[in-house]
Amino acid sequence: MSNTNRRDFLGMSFAAVAAVGGAASLVGMKQAWDPLPSVLAAGFTTVDLASIGLVPGEPQTFKWRGKPIFILEKTAEMAAYDGDLVLGDKRYTVAIGLCTHLGCIPAWKKDVWKCACHGGEFDATGKQTFGPPPKPLVTPPFSVNGTVLTLGEEGAESKAMMAARA
Ligand code: FES
């Protein structure tokens, strides 16, 4: 092999190794930047209101992104509110279960969420009715498909509820 041919061969070999190395780094960078499947899945929580055995007047608590989410099917005696989620003839309260005073988790006691930390209270719609909480319980972003709520995916229903509570 002449010196010129050897130089060409070494140059092409270096280019090939560099190209493979570059491609491998791009794959590595993409894997590093893409969220893990578990992270993606953690961003959304689906709740099918038709299959969780909700009893009117008895809220259930779900977890979304580490936060408690209160879902209450309202009874006929509970006042209707613009901030309710209305599906068919049923009305629901859907709210992040953290007191808007300092973030404790209120407990449901006889038609009222009571916060043990400083005595704050929220009615069945999530509106503050007593004590230091400065505003209603916060509506989480969610979308509705039939009876299925997808928490973490903002839809028209949650936007309307947030606007009513603002
Ligand atoms: Fe709930 Fe203070 S944190 S009343």
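Thresholds, definitions, all that
- Residues numbered from 1 in each chain as written.
- Predicted model: local features only at pLDDT ≥ 70, side-chain atom pairs only at ≥ 80, totals over all residues.
- Buried ≥ 20, exposed ≤ 12 C-beta atoms within 10 Å, placed from the backbone.
- Helix = DSSP H or I, 4+ residues; strand = E, 2+ residues; numbered from the N terminus.
- Pairing = 2+ DSSP bridges.
- pLDDT = per-residue confidence, 0-100.

## Looking at the pairing of strand β3 (residues 67–73)
Next up, step 1: For β3, the tally of buried residues reaches five of seven residues, placing the bulk of the element in the interior.
Next up, step 2: Pairing between strand β2 (residues 60–64) and β3: five bridges, direction antiparallel. Counterpart to Gln60 in the pairing with β3 is Ile71.
Next up, step 3: Adjacent in sequence and paired antiparallel, β2 and β3 are bridged by two residues, among which Arg65 carries a positive phi angle near 50°.
Next up, step 4: Relative to strand β5 (residues 90–96), β3 runs antiparallel, the two being bridged by five bridges. The residue bridging Ile69 from the neighbouring strand is Ile96, located in β5.

## Considerations on the confidence of the model for the chain
Next up, step 1: Residues of the chain with pLDDT of at least 70 account for 75%, and the chain-wide mean is 85.
Next up, step 2: The weakest mean pLDDT in the chain belongs to helix α2 (residues 37–42) at 54; the strongest belongs to strand β8 (residues 121–122) at 98.

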